[in-house]
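Next come the chains, spelled out residue by residue.
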Amino acid sequence: MRRSTMQRNVADFGMDTISLAGPLEAKLAAVKAAGFGQIMLAARDIVGHPAGIEAAVHAVRNSGLRVTGFQVLRDFEGLSGHLHSYKVDIAKQMILMARDLGAPVLLACSSTSSHATADADATARDLRKLALLALPHGIRVAFEGLSWGRHINEVHQAWAAVEQADCPNLGLAIDSYHQFATSTPLAALEDVDPAKIYLVQLSDFMWQETRTVQERIETARHFRVFPGEGVHSQALAELVRTLDGMGYQGAYSFEVFNDDYQQLPLPYVAQRAWNSALWLAEGVLQRAVPLPGHPRIRAAA
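- Looking up the protein chain in an unreviewed UniProt entry gives the name Sugar phosphate isomerase/epimerase, with the organism given as Acidovorax delafieldii.

Encoded structure:
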């Protein structure tokens with residue numbers, strides 16, 4: 001029998017840099033001040049640093065935040081010829097940046113390319129190749145089923161690809177937005193090995209469904225909100241409880257693309273995220289969460 005949630009350390013929640021506006025240093029400071037212990041890094045915040053990548057790496061390493069992961073490698077699997085070679089070169093650079101940042105996980109999203117094949121063997125072969133490229137650098141690859149992916153757009157499809165690829169550092173990324181956008185039932189997670197879930201990204205949105213693929217994309221890129229702020233709060237709570245019950249012990253990161261939040265002060269947005277962390281930890285998972293600036297407490301055995 002698995003140990004209960006309360007028998008292990010308090011959950012670690014984090015934010016994604018894409019949820020905040022402004023320079024990297026300001027984002028890191030706002031996340032830290034709100035009370036978070038970890039940060040999910042978007043590549044554009046690193047390569048877009050005005051003082052260069054080395055300065056960005058220095059800022060991250062001096063922030064006091066643990067790096068959850070690095071994102072995002074797109075449209076890697078299912079290509080051939082010069083397109084495949086091009087994506088391999090891109091992947092190598094992403095892996096090197098993840099290594100320099102101390103990111104344990106590289107997020108890769110399922111392909112949306114019209115040039116990607118539906119052949120499962122080719123997909124597995126490509127994912128295995130990607131994972132093996134990352135292996136010497138100590139990096140795990142988390143594969144996510146994008147809800148508008150061309151051939152893989154639900155979590156159980158992504159899991160099937162990961163299983164078939166069968167590589168020790170290749171696992172699954174679960175994103176609540178994509179789960180809700182495709183109305184994927186929780187039963188789709190029944191066969192997933194919790195040890196192979198490398199990342200869980202959480203967000204919600206303000207309407208019950210996305211009726212078209214284009215609406216799904218627009219909502220994902222512009223109108224997400226933090227957990228507890230949208231209309232899928234009950235479903236999100238059930239998802240988190242299900243993952244916790246499965247034995248998932250990894251990171252929960254808030255990935256919230258929201259145009260309104262990009263126009264608001266960083267401390268205000270980070271505080272909204274922290275309120276979500278409190279709701280999830282205390283209300284959903286019933287864990288004790290420290291106030292900002294206070295040490296974490298361990299749950300009683």
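From this point, things continue past the structure.
Some details on empty space enclosed by the protein
1) Next: The tally for this structure, following the rule as stated, stands at three cavities of 30 Å³ or more.
2) Next: Considering only enclosed or pocket space, the largest cavity measures out at about 80 Å³ in volume.
3) Next: At the level of elements, strand E6 (170-175) and helix H7 (176-181) are the ones that each hand at least two residues to the lining of the largest cavity.
4) Next: Residue classes in the lining of the largest cavity are distributed as three nonpolar, six polar and three charged.
5) Next: Of the pockets and cavities examined, the second largest cavity occupies roughly 60 Å³.
6) Next: Counted by class, the lining of the second largest cavity contains two nonpolar, five polar and two charged residues.

What about the side chain of Glu77?
1) Next: One can find Glu77 in the loop between strand E3 (66-73) and helix H4 (81-101).
2) Next: In this structure Glu77 is buried but unpaired, with Lys87 as the nearest side chain of opposite charge at 9.0 Å.
3) Next: At 2.7 Å, the side chain of Glu77 forms a polar contact with the backbone nitrogen of Ser111.

Digging into the pairing of E3
1) Next: Along E3, seven of the eight residues are buried, which leaves the element largely enclosed by surrounding structure.
2) Next: Sheet topology places strand E2 (residues 38-42) next to E3; five bridges connect them, and they run parallel. When the sheet's bridge partners are listed, Leu41 is paired in E3 with Phe70.
3) Next: With two bridges joining them, E3 and strand E4 (residues 105-109) adopt parallel strand pairing. Counterpart to Leu73 in the pairing with E4 is Ala108.
4) Next: Each parallel crossover has a hand, and for E3 linked through H4 to E4 it is right-handed.

Rules behind the numbers
- Residues numbered from 1 in each chain as written.
- Predicted model: local features only at pLDDT ≥ 70, side-chain atom pairs only at ≥ 80, totals over all residues.
- Heavy atoms only, no water.
- 1 Å grid on protein atoms, 1.4 Å probe; cavity = no way out; pocket = protein on both sides within 12 Å on 5 of 7 lines; lining within 4 Å.
- Points joined across faces, edges and corners; volume = space filled by probe spheres on them.
- Helix = DSSP H or I, 4+ residues; strand = E, 2+ residues; numbered from the N terminus.
- Nonpolar A, V, L, I, M, F, W, Y, C, P; charged D, E, K, R; others polar.
- Buried < 20%, exposed > 50% of the residue type's maximum accessible area, 1.4 Å probe, protein only.
- Lys, Arg positive; Asp, Glu negative; His and termini not counted.
- Salt bridge = Lys/Arg side-chain N within 4 Å of Asp/Glu carboxyl O.
- Polar contact = N/O pair within 3.5 Å; in protein donor to acceptor, adjacent residues only side chain to side chain.
- Pairing = 2+ DSSP bridges.
- Right-handed = clockwise from strand over helix to strand, strands pointing away.

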